[in-house]
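Structure at a glance
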Amino acid sequence: MKNFSNRMPRLGTENAFSVIGKAKKFEAEVLAPAGKKLIYLQIGEPGFDTPRNINDAAIKAINDNQTHYTPTAGIQILREAVAKSTNKYAPNDYTFEDVVITSGAKPIIFYMINALVDEGDEVIVPNPCFPIYGSVTEYLGGKVVPIKLTEENDFNFKIEELEKSITPKTKLLIINSPQNPTGGVFSKELLGQIAEVAIKNDLWVLSDEIYNEMVHEGEHVSLASFPGMAERTVILNGCSKTYAMTGYRVGWGVSKNKEMMKAIEQLACNDTSCVNASAQYAALEAVSGPQADVEMMLAEYKNRRDLLVKLVNEVPGMKCVAPKGAFYLMVNVREILNKLNITAEELCDRIMKEAHVLILPGTVFGHFGEDFVRFSYVSTQEMIIEGMQRIKAFLTKI
Ligand code: PMP
C-alpha cells in the first residue's frame, strides 16, 4: 500500500475517548464478572435527557418530511434564531447572514483553522485546553504556541504572557471561556486586555463559548462584545451542552466577518453539504422555545459542583477551588503524585483499577495539566458521593 499523507500522523485525537474505551473494556472483562461497576466521574457531556419539547420538534420535522438537503449554512429560521440569541450575550446586530450552522460545534474549529493556517503559521492556545485546537493546527502544518493557565489566577492568564507569545507568524488566537477542562471563566478585565492585544496585532480570534450558559458565579462575557472584535472573531457555540443535545450534532459559528463566514460555509459544503434537517428543527425549538429546562439543569449542576468541591477537598492530597463555569473540576494532585512518585496518568489508572472510579489525567488536555486530574460533575449526587467515598478510601490506605 502507498503511504498515508504526511499530515496524517500529525493529527491528534481526544484522548478522553480512548480512556473511556479502555475503561469499558476493564469493566466488561474484570469488574462485570465480579458483579462490580465503574463510577464515571469524567464524562464530558450533560447528565440529563434532551428536553421533551426539543425531541418532539425533531419527530414532528421528520413526520413533516423535513428529511432533505437544506442550504449549507442552515435553514434561515434557525440562523435567525441563533443570531438573536447571540445578540443577547454579544450585542453586535448579528443577522442570519452572520451565522453558519454546522454538524456539532467542533467543525467550526476545523474550518476556521483550515481557512487561516499555512505551514509554519502560529496559533496561540491557552493550556490546558480542549485538545482539538492543537490537533487540527498541527495537522495543517501550523505551530501551537501554548500559554499557561494558572490555578492561582482561577485559570486565567496574565496578558503579558499573550503579548510575549506573539510573533510575525501569529495568525490566530483561540480562547475558551468558560473553559474545558478547568471550569475557569476569564474575567472581563482580561477579556478587555485580550481584545486590545488582538486588535493591535491584527489577530484572528476563535472564541469558543460553548459553555456560555454555564456560569455559576457572575455572568458570561463574550470577547466579541468588545469594540472592534466582531469582525475578527468567530464565536463558536451550539446546542450540545446547553440543551443536552450532544447526539443531535448541531453547532454554529457567528461572525461579522463576511469573508470568514463564506470560507466556513464553503468548507462545510465540501465536508457535510448541510446539517441533518430534523436536527436543525430540534435546534430551533431549543434556541427559541421555553428555557425552563436549561435553568433547572444549571441549578442542579451548581448543586453538584458544590458537593463535589466539598468532597474533593476532604481527600488527603487533593485540592481545588470552586470553578465558576462549565461542568468540570481541575483538581491539583501534585502532593499525591510526589508521594507515590507517579504521573497523573498512572494515578488515574490506579484509581480506575483499584477504586473503580474513572477520572481523567490533566495531561489529556496538554502539558500544563501535569499536576492535575479532571473530574466532571454531570453525574448524579449519589454517584458523586459513592465515587468520592471510593477514591478517599483508596487514597487513605496507600
Ligand atoms: N469546544 C469545547 C471546549 C468542548 O468541550 C466541546 C465538546 N466537548 C466542543 C467544543 C465541541 O462541541 P460539539 O459536541 O457540539 O461538537
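Every value quoted in this text rests on a predicted model; they were computed, and no experiment measured them.

Once that is clear, we can look at helix 12 (residues 344-355). The terminal C-alpha atoms of helix 12, which comprises 12 residues, lie 15 Å apart, in line with the 16 Å expected from a rise of 1.5 Å per residue. Those residues of helix 12 that sit buried are Ala344, Leu347, Cys348, Ile351, Met352 and Ala355. Angularly, the buried residues of helix 12 cover 135° about the axis, an arc narrow enough to put them on a single face. Buried positions along helix 12 lie against helix 1 (15-31), helix 11 (334-340), strand 10 (357-358), strand 11 (360-361), strand 12 (372-376) and helix 13 (381-397). The first or second residue beyond helix 12 is His356, which carries a positive phi of 60°.

On to the sheet that holds strand 2 (residues 99-102). One open sheet accounts for 7 strands, arranged 2-8-7-6-5-3-4; its pairing is mixed. Only two strands of the sheet have a single neighbouring strand rather than two, namely strand 2 and strand 4 (143-148). Going from strand to strand, the sheet's axes swing by 20° on average, the running direction of each strand aside. When strand 2 meets strand 8 (residues 251-254), the two strands line up antiparallel, connected through 4 bridges. Among the inter-strand pairings, Val100 is bridged to a residue of strand 8, identified as Gly253. Across the face of the sheet, helix 5 (residues 132-139) comes into contact with strand 3 (122-127), strand 4, strand 5 (170-176) and strand 6 (204-208) while running at roughly 155° to strand 4.

This part covers the packing of helix 3 (residues 76-89) against helix 9 (residues 277-288). Between helix 3 and helix 9, whose axes approach to 9 Å, the crossing angle comes to 30°. On the basis of their axis angle, the class for helix 3 and helix 9 is roughly parallel. For the crossing formed where helix 3 meets helix 9, the hand is left-handed. Judged by residue contacts, Ile77, Leu78, Ala81, Val82 and Ser85 of helix 3 engage Gln280, Ala283, Leu284, Val287 and Ser288 from helix 9. Here the residues of the contact of helix 3 with helix 9 sort into 7 nonpolar, 3 polar and no charged.

Attention shifts here to the domain arrangement of the protein. Interfaces are often sized by the accessible area lost when the parts come together. Here the domain parsing of the protein yields domain 1 (8-49 + 293-397) and domain 2 (52-288). Here the C-alpha centre of domain 2 lies 26 Å away from the C-alpha centre of domain 1. Across the boundary between the two partners, domain 1 contributes 39 residues, which contact 39 residues of domain 2. Roughly 3,200 Å² of surface becomes buried between domain 1 and domain 2 when both sides are summed, with 59% attributable to carbon and sulfur atoms. The largest contributions to the domain 1 side of the interface with domain 2 come from Arg10, Lys324 and Phe368, which together make up 23% of the buried area. Where domain 1 packs against domain 2, one counts 3 salt bridges. With a shortest N-O distance of 2.7 Å, Glu14 and Lys106 are connected by a salt bridge. Linking domain 1 with domain 2 are 19 residue pairs in polar contact (both at pLDDT 80 or more), by the criterion used here. Residue assignment for the side of domain 1 that touches domain 2 shows that the elements contributing at least two residues are helix 10 (292-313), strand 9 (328-332) and strand 12. Residue contributions to the side of domain 1 that touches domain 2 peak at 7 residues, all from helix 10. Counted by class, the side of domain 1 that touches domain 2 contains 21 nonpolar, 8 polar and 10 charged residues.

The rules behind the values
- Residues numbered from 1 in each chain as written.
- Predicted model: local features only at pLDDT ≥ 70, side-chain atom pairs only at ≥ 80, totals over all residues.
- Heavy atoms only, no water.
- Helix = DSSP H or I, 4+ residues; strand = E, 2+ residues; numbered from the N terminus.
- Expected span 1.5 Å × (residues − 1).
- Buried < 20%, exposed > 50% of the residue type's maximum accessible area, 1.4 Å probe, protein only.
- Arc of directions from axis to C-beta.
- Contact = heavy atoms within 4.5 Å.
- Pairing = 2+ DSSP bridges.
- Axes fitted to C-alpha atoms, helices over the stretch in contact; angles between N-to-C directions.
- Parallel < 35°, antiparallel > 145°, perpendicular 65-115°, else oblique.
- Left-handed = near helix turned anticlockwise from the far one by under 90°.
- Nonpolar A, V, L, I, M, F, W, Y, C, P; charged D, E, K, R; others polar.
- Domains from an automatic or database assignment.
- Buried area = accessible area lost by both parts, 1.4 Å probe.
- Salt bridge = Lys/Arg side-chain N within 4 Å of Asp/Glu carboxyl O.
- Polar contact = N/O pair within 3.5 Å; in protein donor to acceptor, adjacent residues only side chain to side chain.

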